[in-house]
Structures are given as structure tokens and as C-alpha cells.
Amino acid sequence: MDSNATPHRKILILNGPNLNLLGRREPETYGRTTAEDIMAMIRASYPGREFEYFQSNHEGDLIDTLHRVGYDTDNYQGVVFNAGAYTHTSLALADAIAAIDIPVVEVHLSNVFAREEIRHRSLIASVCMGSVSGFGPDSYILGVKALVG
Ligand code: DQA
């Protein structure tokens, strides 16, 4: 790299509850691709970029992680966040996203608008940079694209 070039900052791929089961959880809805496979796809699509992955089934851990990276603007560029079912329930996650200084892109593997009505509402959408829903693993790639251009 040109020594004068600003190094790219990291992007956090953040997965919420039950997404540790990707690949074996309801494959008819979420496919057979694991989170590890998705990270490999993302890294192959953006070889010059650094990605960090974190998954938790616990709302507070997700909030702590958003706080950790969200003020570390020297090292983090943004977050691609699949909040799982917390998308539809968590005002606390929405507040955390609103509080931090880096952009967050909401992503979903499934098309939440084609599913049960309770999934049509996202409490985090209005505080995110934008939302991607329904493209399977490509939702994450599109989320990264929204952050890096
Ligand atoms: C999901 C959609 C949510 O409604 C659901 O609770 C999930 C996964 C998706 O990626 O399609 O856990 O976020």
C-alpha cells in the first residue's frame, strides 16, 4: 500500500440471536450457508478490506459491541447488522445505533416483508443508514457495498 494512503478502517459484521445456527436453522427460510461461509464470501468480494465478525444471542452483548466499535471511529468504518428477531422488538438496540458515531446497515437474509406481519416492523430501520432484506447471503455483501461504495 502507498505509505501515504489512509488505511481502510474495519467493518464489523454483527449477527444477533439464533444466527449462530445459520446453515442448519430452518434452511427453507435461511438456506444452508453458514455464517463462516458468509464471512468467506464477504472477504472474497472485498479482498482489500478488513472485517471483524461477532455474533451473540444476548441483547446486552450486542449493545456493548455497538458501543465498543461505535465510538472507535479511527478503527471502524461501519457495521452490517442482522439483529434477527431483536429487529422487531428492541428499542434498546435502536437507541444504541442512534447513539453511536458510525453508520449501521440493517440486513436480513429473508424478505421480512413477505413473512408474518410482526416481521414487517423494524424498530432499528429508522436509525440505520438503510436496510437490505431478502437476498440471502448477498444481503450482507450489499450491506458492505452500502458502506464502502
Ligand atoms: C432475520 C429475519 C428475522 O425476522 C428473524 O427473526 C431472524 C433472521 C433474517 O435474516 O431474515 O432471526 O433477521
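Computed from a predicted structure; not experimentally measured.

What counts, and at which threshold
- Residues numbered from 1 in each chain as written.
- Predicted model: local features only at pLDDT ≥ 70, side-chain atom pairs only at ≥ 80, totals over all residues.
- Heavy atoms only, no water.
- Helix = DSSP H or I, 4+ residues; strand = E, 2+ residues; numbered from the N terminus.
- Rg over C-alpha atoms; globule rule 2.2 N^0.38 Å.
- Salt bridge = Lys/Arg side-chain N within 4 Å of Asp/Glu carboxyl O.
- Buried < 20%, exposed > 50% of the residue type's maximum accessible area, 1.4 Å probe, protein only.
- Arc of directions from axis to C-beta.
- Contact = heavy atoms within 4.5 Å.
- Polar contact = N/O pair within 3.5 Å; in protein donor to acceptor, adjacent residues only side chain to side chain.
- Near = heavy atom within 4 Å.
- Areas by Shrake-Rupley, 256 points an atom, 1.4 Å probe, with all protein chains shown as cover.
- Nonpolar A, V, L, I, M, F, W, Y, C, P; charged D, E, K, R; others polar.
- Axes fitted to C-alpha atoms, helices over the stretch in contact; angles between N-to-C directions.
- Parallel < 35°, antiparallel > 145°, perpendicular 65-115°, else oblique.
- Pairing = 2+ DSSP bridges.

### What about the overall build of the protein chain?
Okay, so step 1: Across its full length, the protein chain holds five helices and five strands.
Okay, so step 2: Sequence-ordered secondary structure for the protein chain, helices as α and strands as β, is β-α-α-β-α-β-α-β-β-α.
Okay, so step 3: For the protein chain, whose C-alpha radius of gyration is 15 Å, the value lies close to the compact-globule estimate of 15 Å for 149 residues.
Okay, so step 4: Principal-axis analysis of the C-alpha atoms places the extent of the protein chain at approximately 50 × 30 × 25 Å.

### Structural notes on the pattern of salt bridges
Okay, so step 1: Within the structure shown, the criterion is met by five salt bridges.
Okay, so step 2: With a closest N to O distance of 3.7 Å, E26 and R25 form a salt bridge.
Okay, so step 3: Residues R115 and E116 are paired through a salt bridge, measuring 3.8 Å at the closest nitrogen-oxygen approach.

### Overview of unusual backbone geometry
Okay, so step 1: Backbone geometry at N18 places phi at a positive 75°, although glycine is not the residue there.
Okay, so step 2: Considering the arrangement of structural elements, one finds N18 in the loop between β1 (10–15) and α1 (27–30).
Okay, so step 3: Notably, E26 is not glycine yet its phi reads approximately 35°, a positive angle.
Okay, so step 4: Tracing the backbone through its elements, the reader meets E26 in the loop between β1 and α1.

### Comments concerning helix α2 (residues 35–45)
Okay, so step 1: Every buried residue of α2 is listed here: A35, I38, M39 and I42. Angularly, the buried residues of α2 cover 100° about the axis, an arc narrow enough to put them on a single face. α2 presents E36 and A44 as exposed residues on the side facing more than 90 degrees away from its buried surface.
Okay, so step 2: Where α2 is buried, its residues meet β1, β2 (51–55) and α5 (138–148).

### Thoughts on the side chain of S110
Okay, so step 1: By the element assignment, S110 lies in the loop between β4 (104–108) and β5 (130–133).
Okay, so step 2: Residue S110 is classed as buried on the basis of its relative accessible area of 8%.
Okay, so step 3: Separated by 2.9 Å, the side chains of S110 and R115 make a polar contact.
Okay, so step 4: Non-local contacts of S110, meaning those with residues more than four positions away in its chain, are made with T29, Y30, R115, S133 and G134.

### Brief notes about the site of the ligand
Okay, so step 1: Every residue near the ligand is listed here: R25, Y30, N82, G84, A85, H88, H108, L109, S110, V112, R115 and R119.
Okay, so step 2: Contact distances for the ligand include 2.8 Å between an oxygen atom and a side-chain N or O atom of N82.
Okay, so step 3: Coverage of the ligand by the protein amounts to 99% of the 320 Å² it exposes when considered alone.
Okay, so step 4: Class assignment of the residues belonging to the shell around the ligand gives a composition of four nonpolar, five polar and three charged.

### As for the packing of helix α3 (residues 59–70) against helix α4 (residues 91–99)
Okay, so step 1: One way to put it is that α3 packs onto α4 with a least axis distance of 9 Å and a crossing angle of 5°. Our classification of the angle between α3 and α4 gives roughly parallel. Seen from α3, the contacting residues are E59, L62, I63, L66 and H67; seen from α4, they are A92, L93, A96 and I97.
Okay, so step 2: The residue inventory of the contact of α3 with α4, partitioned by class, reads seven nonpolar, one polar and one charged.

### Things to note about the sheet that holds β5
Okay, so step 1: Pairing within the open sheet is parallel, and its five strands lie in the order β2-β1-β3-β4-β5. Pairing within the sheet leaves two strands with one partner each, and these edge strands are β2 and β5. For this sheet the average axis-to-axis angle between neighbouring strands, irrespective of direction, equals 20°.
Okay, so step 2: Sheet analysis places strand β3 (residues 76–82) next to β4, joined by three bridges and oriented parallel. Within the sheet, the bridge partner assigned to F81 lies in β4 and is E106.
Okay, so step 3: Of the strands in this sheet, β1, β2, β3, β4 and β5 touch α5, which is tilted by about 150° from β3.

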